[in-house]
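Breakdown of the fold
These are the residues of each chain, in order.
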Amino acid sequence: MASIPIIDLNDENAPELILHACKTWGFFQVVNHNIKESLIDEMEAAAKDLFALPMEQKLKAEKPPGDIAGYGVPPVCLSHPKRWWTEGFFIAGSPLEHARLLWPRGHKTFCDVVEEYQKEMNTLALRLFWLMLGSHGITKDDIKWAEIKSPYLQLNSYPACPDPSRASGLPDHTDSGVLTILYQNTSGLQVHKEGFGWVDVPPVPGALVVNIGDLFQVLSNDLFPSVFHRATANPTQYRVTLAYFFGPPLDVEVSPLAKLVDNSYPALYKPISWIGYRAIKVKDYGRAISKVRVCTQASENVDTDDDPNSA
Ligand SMILES: C=C1C[C@]23C[C@@]1(O)CC[C@H]2[C@@]12CCC[C@@](C)(C(=O)O1)[C@H]2[C@@H]3C(=O)O
Ligand SMILES: O=C(O)CCC(=O)C(=O)O
Ligand SMILES: [Fe+2]
């Protein structure tokens, strides 16, 4: 059975293993990542506390239409006409305003743990980002926005579903940012792999799941593909996941990195910001990436082993 690679960041071969995983799967699990287990436990407990609030309380922090932050159904569910057994809470910066609505007294614990989690995840995302790009000669001077902290965190809650044949967790989608780092307390994540179909990503103790988002596919000029994934519904267990999204500030335009472009491998994408890309994606979740492509032929011919961009 195929499964996504598990990579130990203390392994001296970690950079090559990560590059290979990104090119072949767009997904991997990482262990020895330096994020304290106690912080992940606290963040998981904070998410569970939030979702355990009475519905009328959660709705006080409901995401207003057109906004991204707050309580509600993840946007991807809205464009799939099916029943989705999930609720979410998206944090885009400081959680204070929403936390005050949820817990008029006692919101400080939630805010403190979210802020620490955002900070630690940003550090890990940057470490992985430079590991992936460093071997291609790309440095901090090539990507100025990377210095700005990405504060995007989605808490996903999947109550046990009495009849998984009638509802599912989260529809198949690609993430729109650069990198996503996911913690899952129990199984449910599946990744789509050509030739294999949907492949389970079992939770590994101490591991975090990392995947490439659409904007990394753009930046890397197709070197790292973003990959479809989904969450199944679990008939017996309550599932909670924490998805940290790393990417540029929402209004900063990104385009294929100059060092990954030359005459034989021209830029495959037009400059696009995360917010601009999201606007396209809301209309068409499945094929948004093709809407920002300028040239499809070259990428279709790319064989990862012969790719001049490869290390
Ligand atoms: C910045 C964002 C990423 C996200 C769309 C959003 O504008 C806010 C919600 C995010 C989220 C979380 C759950 C899965 C996802 C696909 C979705 O529907 O909403 C992601 C979006 C994304 O990566 O495209
Ligand atoms: O909950 C999961 O397993 C997947 C979550 C996810 O894909 C997301 O939040 O983007
Ligand atoms: Fe996702």
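No experiment lies behind these values; they were computed from the predicted model shown. (Residues numbered from 1 in each chain as written. Chains lettered and ligands numbered in written order. Predicted model: local features only at pLDDT ≥ 70, side-chain atom pairs only at ≥ 80, totals over all residues. Heavy atoms only, no water.)

Quick notes on the overall build of the chain
Our working definition: Under the DSSP-based scheme used, a helix requires at least four consecutive residues in state H or I and a strand at least two consecutive residues in state E, with every element numbered from the N terminus. Throughout, the radius of gyration refers to the C-alpha atoms, and the reference size of a globule is 2.2 Å times the residue count to the power 0.38. Residues count as neighbours in contact if any of their non-hydrogen atoms are within 4.5 Å of one another. Note on areas: Shrake-Rupley, 1.4 Å probe, and residue coverage restricted to the protein chains presented here. Residues scored as charged are limited to Lys and Arg (positive) and Asp and Glu (negative), so that His and the chain ends carry no count. Taken as the charge centre is NZ of Lys, CZ of Arg, CG of Asp or CD of Glu, depending on the residue.
Counting its regular elements, the chain contains 10 helices and 14 strands. Since a compact globule built from 311 residues should have a radius of gyration of about 19 Å, the 19 Å found for the chain is in line with a globular shape. Along the first, second and third principal axes, the C-alpha atoms of the chain reach 60 × 40 × 40 Å. Pairs at least 24 apart in sequence give 75% of the contacts found in the chain among residues at least 6 apart. When the accessible surface of the chain is totalled, it reaches about 14500 Å², and 52% of it is carbon and sulfur. A distance of 7 Å separates the average location of the 28 positive side-chain charges in the chain from that of its 37 negative side-chain charges.

Focus: the pairing of strand 2 (residues 27-31)
Rules: With a 1.4 Å probe rolled over the protein chains alone, any residue whose accessible area is under 20% of its type maximum counts as buried; one over 50% counts as exposed, and the rest are partly exposed. Here a crossover is taken to be right-handed if, once the strands point away from the viewer, the path from the first strand over the helix to the second is traced clockwise. Paired strands, in this sense, are two strands between which DSSP finds at least two bridges.
Within strand 2, five of the five residues are buried, which leaves the element mostly enclosed by the surrounding structure. Neither face of strand 2 is exposed, since Phe27, Gln29 and Val31 on one face and Phe28 and Val30 on the opposite face are all buried. Crossover handedness for the path strand 1 (residues 6-8) to helix 1 (residues 14-24) to strand 2: right-handed. As paired elements, strand 2 and strand 10 (residues 208-212) share four bridges and run antiparallel to each other. Paired with Phe28 across the strands is Val210, a residue of strand 10.

A word on the site of ligand 1
Quick note on the threshold: A cutoff of 4 Å decides nearness: a residue is near a molecule or strand if any of its heavy atoms lies inside that distance of it. Think of a polar contact as two N or O atoms within 3.5 Å of one another; within protein, one of them needs to be a possible hydrogen donor and the other a possible acceptor, and neighboring residues in sequence only count if both atoms come from side chains. Only Asp, Glu, Lys and Arg are considered charged in this grouping, and only Ala, Val, Leu, Ile, Met, Phe, Trp, Tyr, Cys and Pro are considered nonpolar; every other residue, Gly among them, is considered polar.
The full set close to ligand 1 counts 13 residues, and Pro75, Val76, Ser176, Arg278 and Tyr285 are the nearest of them. Here an oxygen atom of ligand 1 and a side-chain polar atom of Ser176 are 2.8 Å apart. Taking Arg278, its side chain carries an N or O atom lying 2.9 Å from an oxygen atom of ligand 1. Contact with the protein chains removes 98% of the 460 Å² of surface that ligand 1 exposes when unbound. A per-class count over the shell around ligand 1 returns eight nonpolar, three polar and two charged.

Quick look at the coordination of the iron ion (ligand 3)
Rules: Counted as coordinating are nitrogen, oxygen and sulfur atoms within 2.8 Å of the metal, or 3.2 Å for Na, K and Ca, while water is not included, which may make sites look incomplete.
Taken together, the protein donors to the iron ion (ligand 3) comprise His173 (NE2), Asp175 (OD) and His229 (NE2), at separations of 2.1 to 2.2 Å. Mapped onto the sequence, the residues coordinating the iron ion (ligand 3) show the spacing H-x1-D-x53-H. Here the residue Asp175 occupies a position in the loop between strand 6 (170-173) and strand 7 (179-184), and His229 occupies one in strand 11 (residues 229-231), the gap between them amounting to 54 residues. Among the residues examined, His229 registers a relative accessible area of 6% and is labelled buried.

Some words on the confidence of the model for the chain
The condition is simple: As a per-residue measure, pLDDT reflects the predictor's confidence and takes values from 0 up to 100.
Per-residue pLDDT for the chain averages 92, and the proportion of residues at 70 or more is 95%. With pLDDT under 50 throughout, residues 298-311 is counted as low confidence; its partners more than four residues away or in other chains account for 22 contacts. Scored by ipTM, the complex comes to 0.98, with pTM at 0.94.

Here we look at the UniProt feature "domain: Fe2OG dioxygenase" (unreviewed entry) in the chain
What counts, and what does not: UniProt positions are given in the numbering used here, feature names are shortened, and annotations may be inferred rather than shown by experiment.
In the numbering used here, UniProt assigns the "domain: Fe2OG dioxygenase" (unreviewed entry) feature to residues 149-248. Between the end C-alpha atoms of residues 149-248 there is a gap of 8 Å, over a span that is 6% helix and 42% strand.

Description of the packing of helix 1 against helix 6 (residues 108-134)
As a reminder, the rule being used: Here an angle of 0 to 180 degrees is reported between the N-to-C directions of two axes, which are lines fitted to C-alpha atoms, with helices fitted over the stretch in contact. An angle counts as roughly parallel when it lies under 35 degrees, as roughly antiparallel when it exceeds 145, as roughly perpendicular when it falls between 65 and 115, and as oblique in every other case.
It is at 9 Å that the axes of helix 1 and helix 6 come closest, and there the two elements cross at 85 degrees. The orientation of helix 1 relative to helix 6 falls into the category roughly perpendicular. Residues Pro15, Ile18, Leu19 and Cys22 of helix 1 pack against Leu128, Leu131 and Met132 of helix 6. Looking at the contact of helix 1 with helix 6 residue by residue, the classes come out as seven nonpolar, no polar and no charged.

What to know about the pattern of salt bridges
Counted only if it meets this: Salt bridges are defined by distance alone: a side-chain nitrogen of Lys or Arg within 4 Å of a carboxyl oxygen of Asp or Glu.
With the rule as written, the count across this model stands at seven salt bridges. With a shortest N-O distance of 2.7 Å, Asp112 and Lys108 are connected by a salt bridge. Placement of the pair is Asp112 and Lys108 together in helix 6, with a separation of four residues, close to one helical turn. We classify Asp112 as partly exposed; its relative accessible area is 38%. Put simply, Asp222 and Arg293 hold a salt bridge, and the shortest N to O gap is 2.6 Å. Note that Asp222 is positioned in the loop between helix 7 (214-219) and strand 11 and Arg293 in the loop between helix 9 (288-291) and helix 10 (297-301), a separation of 71 residues in sequence. By relative accessible area, Asp222 is classed as buried at 17%.

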